[in-house]
Structures are given as C-alpha cells and as structure tokens.
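A closer look at the structure
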Amino acid sequence: MRTKLGACLLAAALPFAAGAAPETYTIDPHHTFPHFELDHLGYSWIRGRFDRTAGRFTLDPAARTGTVELVIQTASVTTGDSERGERPRARDEHLRTPDFFNVAEFPSMTFRGSAATWRDDAPAVIDGQLTLLGVTRPLALTVTQWKCGPDPRTQGKRYMCGGVFTGSFMRSDFGMKFGVGPVSDEVKLWIGMEAFRN
Amino acid sequence: MSRKLTACLFAAALPFGANAAPESYTIDPYHTVPYWETDHLGFATMRGRFEKPTGKFTIDTAAKTGTLEIVIETKTLSTGDPDRDGRPRTRDEHLRTPDFFNVAEFPTMTYKATSLRFKGDDPEVIEGDLTLLGVTKPVPLRILRWKCGPDPRTQGKRYQCGGNATGVFKRSDFGMKFGIGPIGDEVTLWMSFYGFRQ
C-alpha cells in the first residue's frame, strides 16, 4: 500500500518535474532574423539584415533561468543593395570586406547570454557577450516581445517560443572603425526570432 | 541708373526666388529601402523589405507644399528566406503568389502624396494614397527624420534630402486576406529615403 502510494505520488509528480526541468529549443532559421540600423550621414537611419542565423536556447521559467546562443553568418548580410549596376561594388559586397564584417576571416558572429531578469514567466533582459570580428564584449539584449505555446501550424503537436530582442553597441569597440563619423559608431540591433522545443 | 538698379535687385533676388520655388528630387534607390513588419502567430514580429524603389519628389519649403511618388517593384520583396531547403517553396516565393502580392498581375505598388503637413520648415506628415493589388487607399506617412543639405560624399556638389518615414495600414483593405489571424492584418511600414536635387 505504502509502495503503491509512493509510486502513485511519483507518477503524479513526474509531469511537473518534467515541465520544470530546463527545456531545450532549436532556433528556426526561417523565422529568426537579426536586423541592424546605423545613422547614415546624419540624415537617415539605414537598416540591414542577416539572412542566416542558427542557434539554440534553454529555458526553465520555474527556476527563472535560461541561456541562449545565436550564431549569425556574417556573409549573409544584406541591405537591399546586392547588385553593382555601374558601380565597382554593391554595398552588400562592401559590408563583407575587411572594412566592415571581414567575412573571409570572421565567417560568424555569435551572441551567448543568459536571462538576467524576468517579467512574469518571460525573460526581460538577457546579459551576454557578443563576439564580432573576433572581439568579445558584453551586450545586454532587452526582450520586447515573448511568447511560448503550441505551434498553431502543427495543430499544437510542436511547442515553440518566439519573440523580439533589441540592443545596441558601438562597432568601434569591436574594431569596426571604417567610416565612423559619416556612418554612426552606434549600431542598433533588432532580432525577431522563433524556436522549436526539442 | 534706374535700369541698372532694377537689374541688380533682380539678380540679388534670384537666389531667394530659386529657393522658394519647388525643387525637384530624384529618389536614391540604394538608400531608399521600404521595410514592412507584421505579427507572426502572436509569437514574434517578422520583417520584410522591397529593394530599389524609384520615384521623385518636389518640395517648396516657403510655400509648404510638395509632391511625392514612389514606385516599388513587388517582385523585389525579400524576407531573408531565399532558399527552399527541402520545402516546396520559400516564403519569398509564396509572398509573390496571388496569396499575397500577386506580382505577376500587379508588378508594382505605388505611393503618391496628395499633400504635405509641415512642422516649422520640415515636412511632418505625408498624406497620400497607397496602391497595392490595384486598390488605392489613403495611408498617411509620418516623417521621423528629415534633413536637407550638401551631400558630403560629393564634397557638397550634390544637394540631397533624406530621412525616415513610417505608416500603418491593414492589408485586408487592399484585398490581401491570406492567413489573416496567424499572420497580422496590420502592416507597419518603415523606410529610409534619400533624394538628390536635380
């Protein structure tokens, strides 16, 4: 009787225990896009995007812990100017040179961080490190949108999380100094992301 | 003497007269990049953009009037999802079908201003019409940044205006109803823009 009760309690407790353990997620590369904005000549904010991002995160809302790793392919940078026309090179080509992202030498930039503060069940601020051009510096990302739940595209069979992260850094801190002045040192980041639970 | 004085006054008045008259600008396709943003499944926000729009605007800061026409090739849409990766079609391919932009039947979308509202010397709101999928509806654009001056890239030989503008519309108003619910009806536009004075 005692054993049965024990087994029963253990079984009843299992789902909660399973839910409370850290869950691992894989970034959906088709719905995860880091965007950046820089001031251009003091006239306008100009925007660009990375088209290929991979990564994963762990999440344990009960324990209020979580970690994230994003790996962004620098060669996938696009700004809507990929064709030369009559010019020697397109802006996207220039951005891939050692003047900016130096994609031959540094094919990826990474962000690794962990949830530092929470708002209810959602991470609010992620403290981490950005590695760009081989230089690693602290970067905090603010979670401006966050939701986890069953993926409606799979009739709920797949569980997902999605959200938006924002932050900013000085590119000169990472050694990217070309054109600082006409093109701002400050870079604003905006990352729309989705991920599937493993 | 009197004739000389008149000629002199006329010459002195010319620069002012030239400034006060409407000036014509040609849109810079490399720095005029319209982005859109919409909700995805209630989980995250997804962005896309159009590339190399063409157009022109006139502005008369003295009379506080102006015109604007931008033509966007719908097939230039890009959301960072160009490769199928084993799927039957990419998102960008899907967006070009009649479900969304129907680029075969409607190769262009246009924005045409009907009036400008000024705040001081700068335009603040563009009242105008968006034509999308053959449907024309008013969509005001709010100017977030605006600046005119000599282009530092040409040692000031070229005069330019640039900035950022934003607006919101419902895609269902233009008959784009596919996936409303999972994919937001509300679309937020955001663009960088430049024009070179002719």
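These numbers come from a predicted model, not from an experiment. (Residues numbered from 1 in each chain as written. Chains lettered and ligands numbered in written order. Predicted model: local features only at pLDDT ≥ 70, side-chain atom pairs only at ≥ 80, totals over all residues.)

1. Observations regarding the overall build of chain A
Filter applied, for reference: Secondary structure elements follow DSSP: runs of H or I of four or more residues count as helices, runs of E of two or more count as strands, with numbering from the N terminus. We call two residues in contact if the C-beta atoms placed from their backbones are at most 7 Å apart.
Scanning chain A from terminus to terminus reveals two helices and 11 strands. Going residue by residue from the N terminus, the α and β elements of chain A occur as α-β-β-β-β-β-β-α-β-β-β-β-β. Taking all contacts inside chain A whose residues are at least 6 apart in sequence as the whole, residues at least 24 apart take part in 52%.

2. Section: the overall build of chain B
Rule in force here: Put simply, a residue is buried when 20 or more other C-beta atoms lie within 10 Å of its own C-beta and exposed when 12 or fewer do; between those, it is partly exposed, and each C-beta is set from the backbone.
Looking only at helices and strands, chain B features two helices and 11 strands. Along chain B, helices (α) and strands (β) appear in the sequence α-β-β-β-β-β-α-β-β-β-β-β-β when read from the amino end. Out of the 198 residues belonging to chain B, those deemed buried represent 29%. The contacts in chain B between residues at least 6 apart in sequence include a share of 54% that link residues at least 24 apart.

3. Description of the pairing of strand β10 (residues 159-170) of chain A
Residue and element names in this part refer to chain A. The following threshold applies: Strand pairing is assigned whenever DSSP detects at least two bridges linking the two strands.
Here eight bridges tie strand β9 (residues 135-150) to β10, and the two strands are oriented antiparallel to one another. Residue pairing for β10: Q145 is matched across the bridge by V164. Pairing geometry for β10 and strand β11 (residues 186-197), over 11 bridges, is antiparallel. Each bridged residue has a counterpart across the sheet, and for V164 the counterpart in β11 is G192.

4. Description of the interface of chain A and chain B
Worth spelling out the cut-off: Amino acid classes used here: Ala, Val, Leu, Ile, Met, Phe, Trp, Tyr, Cys and Pro are nonpolar; Asp, Glu, Lys and Arg are charged; the rest, including Gly, are polar.
Each partner contributes residues to the interface: chain A has 28 residues there, and chain B has 27 residues. Partitioned by chemical class, the residues of the side of chain A that touches chain B number 10 nonpolar, 11 polar and seven charged.

5. What to know about the nonpolar core
Defined as follows: We define a nonpolar core as a collection of buried residues of the types Ala, Val, Leu, Ile, Met, Phe, Trp, Tyr and Cys that are connected via C-beta atoms lying within 7 Å of each other.
Of all hydrophobic cores here, the largest spans 31 residues; its most connected members are M193 and A195 of chain A. Ranked by residue count, the leading element in this core is β11 of chain A, at four residues. Counting 30 residues, the second largest nonpolar core, distinct from the first, contains Y43 of chain A together with F57, Y111 and C161 of chain B.

6. Some thoughts on the confidence of the model for chain A
Note the following rule: The quantity called pLDDT is the predictor's confidence in a given residue, expressed from 0 to 100.
Looking at chain A, the pLDDT average stands at 92 and 90% of residues meet or exceed 70. When the criterion is pLDDT under 50, residues 8-18 of chain A qualifies, and its contacts beyond four places in sequence or with other chains add up to zero contacts.

7. Things to note about the environment of H40 of chain A
Along the chain, the position of H40 of chain A falls in strand β2 (residues 33-40). Given 18 C-beta atoms within 10 Å, H40 of chain A falls into the partly exposed group. Sequence-wise, H40 of chain A and S184 of chain A are 144 residues apart; in three dimensions their C-alpha atoms are separated by 6.6 Å. Look past the residues within four positions of H40 of chain A in its chain and what remains in contact with it is I46 and V183 of chain A together with H31 of chain B.

8. Digging into the environment of I72 of chain B
All names here are of chain B. The topology assignment puts I72 in strand β5 (residues 65-73). In the structure, I72 is positioned 60 residues away from L132 in sequence and 9.9 Å away in space, judged by C-alpha atoms. Among all residues touching I72, those that are not within four sequence positions of it are P34, F50, P53, T108 and M109.

9. Focus: the environment of L189 of chain B
All names here are of chain B. Mapped onto the secondary structure, L189 falls in strand β11 (residues 186-197). Of the residues examined, L189 has 17 C-beta atoms within 10 Å and is grouped as partly exposed. Between the alpha carbons of L189 and R49 there is a distance of 9.3 Å; along the sequence they are 140 residues apart.

10. A look at unusual backbone geometry
All names here are of chain A. At R64, a residue that is not glycine, the phi angle is positive and equals roughly 55°. When you line up the elements, R64 lands in the loop between β4 (53-60) and β5 (65-73). One non-glycine residue with positive phi stands out, namely L133, at about 55°. One can find L133 in the loop between β8 (122-132) and β9.

11. With respect to the pairing of β9 of chain A
Across eight bridges, β8 of chain A lies against β9 of chain A in antiparallel orientation. Pairing of V125 of chain A across the sheet is with T142 of chain A, part of β9 of chain A.

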